[in-house]
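Single-letter residue listing:
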Amino acid sequence: MNQQEHEHPPEGACALVRGEPIPREEVEAVLAAVPARDGKRPGEAPRKGRGELRDQPPQARSQNTTPSTERQRRRWATQVVVADVLAKRACKERGLPPPDTPRTLGPVPEAAVAGLGSIVAVALAYSPAARTLLAHLEARQAIPEAAVREYYEHNRDRFLTVDALRSGVDPFGATTDADFLPYEHVKAGIEGELRQAAGRRAFFSWLDLARADVVYAHGHEHPGDPSHPDHEHRH
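What comes next is a walk through the structure. (Residues numbered from 1 in each chain as written. Predicted model: local features only at pLDDT ≥ 70, side-chain atom pairs only at ≥ 80, totals over all residues. Heavy atoms only, no water.)

## Observations concerning the overall build of the protein chain
Check the secondary structure of the protein chain and you find eight helices and three strands. Ordering the α and β elements of the protein chain from the N terminus gives β-β-α-α-α-α-α-α-α-α-β. Long-range contacts, defined here as pairs at least 24 residues apart, represent 68% of the contacts in the protein chain between residues at least 6 apart. Carbon and sulfur atoms provide 52% of the accessible area of the protein chain, an area that totals close to 13,000 Å². (Helix = DSSP H or I, 4+ residues; strand = E, 2+ residues; numbered from the N terminus. Contact = heavy atoms within 4.5 Å. Areas by Shrake-Rupley, 256 points an atom, 1.4 Å probe, with all protein chains shown as cover.)

## Quick look at the nonpolar core
Counting residues in each nonpolar core, the largest one holds 43 residues, and the members touching the most others are Val 30, Trp 76, Leu 86, Phe 203 and Trp 206. Counting residues per element, the ones that place at least two in this core are strand E1 (13–17), helix H1 (24–33), helix H2 (67–93), helix H3 (110–116), helix H4 (118–126), helix H5 (128–139) and helix H8 (183–210). Take this core: its biggest share by element is 11 residues, from H2. Once residues lying within four places of it in the same chain are set aside, the contact partners of Trp 206 are Ala 83, Leu 86, Ala 87, Ala 90, Arg 94 and Leu 133. Counting residues in hydrophobic clusters, the runner-up holds 11 residues, among them Ile 143, Phe 159, Leu 160 and Ile 190. (Core = buried A, V, L, I, M, F, W, Y, C linked by side-chain atoms within 4.5 Å. Buried < 20%, exposed > 50% of the residue type's maximum accessible area, 1.4 Å probe, protein only.)

## Points about the environment of Leu 137
Residue position: Leu 137 is located in helix H5. With a relative accessible area of 10%, Leu 137 lands in the buried category. Note: C-alpha distance between Leu 137 and Arg 201 (64 residues apart in sequence) is 9.3 Å.

## A closer look at the sheet that holds E1
Strand pairing in a sheet relies on backbone hydrogen bonds. The paired strands run either parallel or antiparallel. Spatially, E2-E1-E3 is the arrangement adopted by the three strands of the open sheet, whose pairing is antiparallel. In this open sheet, the two edge strands, each paired with only one partner strand, are strand E2 (20–23) and strand E3 (215–216). As paired elements, E1 and E3 share two bridges and run antiparallel to each other. Counted as the bridge partner of Ala 15 is Tyr 216 from E3. (Pairing = 2+ DSSP bridges.)

## What to know about the environment of Val 80
Summarising the element assignment, Val 80 is placed in helix H2. Considering only alpha carbons, one finds Val 80 and Ala 123, 43 residues apart in sequence, at a separation of 4.9 Å. In this structure Val 80 touches Val 30, Ile 119, Val 122, Ala 123 and Tyr 126, once residues within four positions along its chain are discounted.

## Details of the pattern of salt bridges
Pairing between side chains becomes possible if they bear opposite charge and their charged atoms approach one another. Using the criterion set out here, one finds 13 salt bridges in the structure. Of the charged contacts in the structure, one is a salt bridge between Glu 20 and Arg 89, with a shortest N-O distance of 2.9 Å. Of this pair, Glu 20 sits in strand E2 while Arg 89 sits in helix H2, and the two are 69 residues apart along the sequence. With a relative accessible area of 24%, Arg 89 lands in the partly exposed category. Residue Glu 28 is joined to Arg 74 by a salt bridge in which the shortest nitrogen-to-oxygen separation is 3.0 Å. In this pair, Glu 28 is assigned in helix H1 and Arg 74 in helix H2, connecting sequence segments 46 residues apart. Overall, Arg 74 belongs to the partly exposed group, its relative accessible area being 24%. Here the residues in one salt-bridge network are Glu 26, Asp 84, Lys 88 and Arg 103, joined through shared partners. (Salt bridge = Lys/Arg side-chain N within 4 Å of Asp/Glu carboxyl O.)

## Side note on unusual backbone geometry
In the Ramachandran plot, Arg 18 falls in the positive-phi region, its phi being about 50 degrees despite a non-glycine side chain. If you trace the backbone, Arg 18 turns up in the loop between E1 and E2.

## Things to note about the pairing of E1
Among the five residues of E1, five are classified as buried, and the element is accordingly described as predominantly covered. Pairing analysis gives four bridges linking E1 to E2, with the strands arranged antiparallel. Among the inter-strand pairings, Val 17 is bridged to a residue of E2, identified as Glu 20. As consecutive antiparallel partners, E1 and E2 are separated by two residues, and within that stretch Arg 18 has a phi angle of approximately 50 degrees, a positive value.

Right, dumping it as structure tokens:
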């Protein structure tokens, strides 16, 4: 029998992480810290992310908030809390120094939500342990020279010189080497971007595996879990 079939979080817990009850007060603290927004979503570009809610954090309570939205906000906040707990464990297991920065949650950049999905973006903003783990995973990524060179060759439009841009040079048309920034001048930046992307992929993979065995209390399941009637997994 699967452990999740007979294990249930005790009263007052939102989830069990390897048998450790996570107090619901932690979820309430995240909900209280989420910046309040009105019931509309005005002028916001569509959010894209990886396997998470593709939108901003669900809006805080307002006169336009539905019961379903409130339930989804609680599930969403639970994922942020669970990610923090799992990251603390992962840091300890890897011998990483425990972060001494307190958990706080301020405004999360739209670019972070677009690139990471709202759960991961907010978890990284909220959890010093998650940021420490991400930095550790990123530092471990080896980027081959061939990958850096390939990126440079396939994304020439990113490396036009200022003069070429002013002249309206088509990077995919007739060009000369002088129209582009030299490879050696941009190599370090490309390598850094590729390492960051690889580190994020490693973080996503770690989180997917780490939370697979988490047992959630009723009403605290993943927002995209189809087993509850409020599930949403936007694309």
